[in-house]
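The chain contents come next:
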There are 2 protein chains.
Amino acid sequence: MTDTRLDVLAIGDAVVDVIARAEDSFLAEEGLVKGSMQVLDADGATRLYSKMSQARETSGGSAANTVAGVAALGGRAGFVGQVAADQLGEIFIHDIRALGVEFLTPPKRDGLPTGRCLILVTPDAQRTMNTFRGAAHQLTAEALDAEQIRGSAILYLEAYLWRSEGPRAAMNQAMRIAREAGRRVAFTLSDIACIGPHRREIIAMLDSGAIDLLFANEMEIRALADLDDVDAAIAAIQDRVRVLVVTCGADGALAVEDGRRVGVPVARIGGGIVDTTGAGDLFAAGFLVGQAEGRSLEESLRIGSIAAAEIISHFGARPEANLRELVDRML
Amino acid sequence: MTDTRLDVLAIGDAVVDVIARAEDSFLAEEGLVKGSMQVLDADGATRLYSKMSQARETSGGSAANTVAGVAALGGRAGFVGQVAADQLGEIFIHDIRALGVEFLTPPKRDGLPTGRCLILVTPDAQRTMNTFRGAAHQLTAEALDAEQIRGSAILYLEAYLWRSEGPRAAMNQAMRIAREAGRRVAFTLSDIACIGPHRREIIAMLDSGAIDLLFANEMEIRALADLDDVDAAIAAIQDRVRVLVVTCGADGALAVEDGRRVGVPVARIGGGIVDTTGAGDLFAAGFLVGQAEGRSLEESLRIGSIAAAEIISHFGARPEANLRELVDRML
C-alpha cells in the first residue's frame, strides 16, 4: 500500500482511563453490572470517583487503544478524537503521539472537560467501565482532515462514539471520503449497550455496503442479529460484510469471509490474567495489522490473539511489552 | 497514644508522578544523571514530557508516598501539601483521601498548576526524576491547621519542600507547634541536591534540638557530614538527633539511638526489582509505623525494609499489595 500514509486511521473516544481495584461488594453497593460499560454524567462521575480507591491514570478509549496497538505492532496509525484544552487532554495527546500515532484533532477550548473512563478491576481480573464522555462526544465533522482519511488504507470506527449524533455525522462523512478514495472501512460494535437502540440503523449501514470489516464479541453479534444462538447470529450477519470477526473470550476468535469460517484458540504468553481491559481493542489491532500486511485471515486472527494476551497480562489497556517482537516470536 | 488523632502528619510536595520507561541512551541525550532528581521549570517540563514515551500517572511526592505507606500499614496518617484547583490536583486529593489519609489543605485557585514529577525508569529499574514543582512550592504557613499538628504523634518533613523559602517558613511554624505540644519531629534529607546549599542550616537545625528522627541514605549522610566515609559521617551526625536512620541500598538499613547501632538486611518478597521509585519513602513509612506502635528500632527497621521491598516490585511509588498483611506475615 505505497499510496497510503497510514495503515489504520481510527475515529473514537479520546478519554483517559482511571483504573482502580475494587471488590465485588463495591460493584454490588454501586449497582454496577460486572463486565459492562455504563455512561455517567459529570455528577455521577464525581460521585463514583470519590468512592473509588487510589487509582492510576493512563490514556484509553477503545479505538485509541486499537491504534496504539497498531503502532506498537509496527503499523502506521492515526487517530481522530476530541479532547478539551486541559491537563487530561494534554496527557491523552502526549501518549498517543509518543507511540508514533498521527494525531491532528485540535483540542476544544470551550465546552466539557476531557472525557474519562472510571474502570473498576475486580479480583477476577474483570473490568467494569463507567464513562464520563466529556469533550469526546463533542467531536464534529469539522475536526476531520480529508487528506488524512484518503491516505489511510483502513478507516476504523467504534460504536461507542458512533451512537452520539454529532460524532455519527462526522463518522458518516469520514466513511464517504474513505469510500470515494477506495479505502476499506472497519467498524466495531463496542458493547451491547451501543446496539440495542441502534440495531436497525447498524443493519441498514451494513446492508448499504458501507462496512468491509465488522468486529464483535459473542454478546454483541447476538444482540445485532437479535438471536440467542451465536452460530445462528453469525450466519445472519456474515453475508452483510466482506469480513466478520467475532471474539469468543476463552474460546478464541473466528473470522468469516465469503462463507469461509476460520477459528483460532486464545494465545498464551505466560503469567496470569491481571486485567481484561482492552482485550477486544488489542485483538482488533492485531487483526488489522495482519490485514494491512496482506496476511491470511488465520494469521491475522493469531496476531490479534497474541496482542490480546499481552494486554490482559497487566493493568491497563495500552501495550507494555514490545508487541512486534512478541508477535514475531510467537506467530 | 490515645491523645493523638494521627500517628504521622507529613508536610511535603503534592505532585502527580508521570512515569515512563526510558533507555539509558535517552538519559544520555537529555544530559540526565541516572538516579538523581532535578528541578524543571514549566518550559523544561513541557520539553522533556514531549520527548518521553507513553506514561502512566499516579499520585506521588516523597512524603506523600510515606503517609500513603503509613495508611496502608494501618497507621493513622495526615498530609499537608499544596495543589492547584485543576485536574491533576483533583487526582492527587482523590488518591490520598482514598487511602484514608487526612488531607485538609485547600487547593490554590490562582498561581501555578499542580506540580508533577516526570520519572524515567531505565531497564535496570533505576528511576531518574525531573520535578516541575508548580503549586507544591507555593505552600505557606496559612495552609497549616494547628489542631491537626498538635494532634499528631510524629510530624514528618521532607527536605525536597523545605529548601524553598515559603514552605520552609511553614515547616518551621509547624515544628514549633509540634514541639510545644510535646510531639516528635522527623525529617528526611530527600536528595543530595537538597543538602549542598543548606548544609549549615540543616546542621544548625539539628543542633537546636528541633529534629528527633533523621532519615538519610548513604550519599545524603556523607553530604551532610561533608565526609567521604559513611561510618565517619554517621558518627559525626548520630549525636545530633535522638534517632538517626540510614538506608544503604542493597546493604539494608541501620538506625542509631544513644550510640547504639542496629542494622537489618534488605527484605526479599520475591519477584524482580521493577522500579526503585519510592523505596526510601516506603522505608520511612514502615519505620515510622514501627515507632508509632512502640516497637524496637530493629523491628521498625524490618517493617521499613518489607515496605520498601514491596514498592520496588512494581511500577509506581504507592503500595499495591496489602502492606499490613505482608508485614504481619514477614515480620
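Keep in mind it's a predicted model, so treat the numbers as computed, not measured.

Turning our attention to the relation of the copies chain A and chain B. Both copies of the chain are related by a screw-like operation: a rotation about an axis and a shift along it. Each copy of the sequence occupies a distinct position, and chain A is placed on chain B by a rotation of 180° and an axial shift of 0.0 Å, giving an RMSD of 0.0 Å. Here the two chains are linked by the operation of a two-fold rotation axis. If distances are taken from each C-alpha of chain A to the rotation axis, the shortest is found for A:Glu57, at 2.4 Å. Mapped onto chain B, 100% of the interface residues of chain A are again interface residues, and the two copies thus contact each other with one and the same surface.

Angle between the axes and distance between the axes: these two values describe a pair of packed helices. Residues and elements named next belong to chain B. Their axes nearest at 7 Å, the elements helix α11 (residues 279–292) and helix α12 (residues 297–311) cross at an angle of 145°. You can see that α11 and α12 cross each other, and the crossing is right-handed. Across the interface between the two elements, Ala279, Leu282, Phe283, Ala284, Ala285, Gly286, Phe287, Val289, Gly290 and Gln291 from α11 touch Glu299, Ser300, Leu301, Ile303, Gly304, Ser305, Ile306, Ala307, Ala308 and Ile311 from α12. In terms of residue class, the contact of α11 with α12 is made up of 13 nonpolar, 6 polar and 1 charged.

All names here are of chain A. Pairing is mixed in the open sheet, where 9 strands are placed in the order β6-β5-β1-β9-β10-β11-β12-β13-β14. Looking at strand neighbours, the two that pair on one side only are β6 (102–103) and β14 (260–264), the edges of this open sheet. With 2 bridges connecting them, strand β5 (residues 77–80) and β6 associate as parallel partners. Each bridged residue has a counterpart across the sheet, and for Phe79 the counterpart in β6 is Phe103. Strands β1 (6–11), β5 and β9 (152–158) of the sheet are contacted by helix α3 (residues 62–72), whose axis makes an angle of about 165° with β1.

The backbone of A:Ala125 sits at a positive phi, close to 75°, despite the residue not being glycine. By C-beta crowding, A:Ala125 is classed as partly exposed, having 16 other C-beta atoms within 10 Å. The backbone of B:Ser190 shows a phi angle near 70°, a positive value even though the residue is not glycine. Following the sequence through the fold, B:Ser190 ends up in the loop between β10 (184–188) and α8 (199–207).

Rules of the game
Residues numbered from 1 in each chain as written. Chains lettered and ligands numbered in written order. Predicted model: local features only at pLDDT ≥ 70, side-chain atom pairs only at ≥ 80, totals over all residues. Least-squares fit on C-alpha atoms with pLDDT ≥ 70 in both. Contact = placed C-beta atoms within 7 Å. Axes fitted to C-alpha atoms, helices over the stretch in contact; angles between N-to-C directions. Helix = DSSP H or I, 4+ residues; strand = E, 2+ residues; numbered from the N terminus. Left-handed = near helix turned anticlockwise from the far one by under 90°. Nonpolar A, V, L, I, M, F, W, Y, C, P; charged D, E, K, R; others polar. Pairing = 2+ DSSP bridges. Buried ≥ 20, exposed ≤ 12 C-beta atoms within 10 Å, placed from the backbone.

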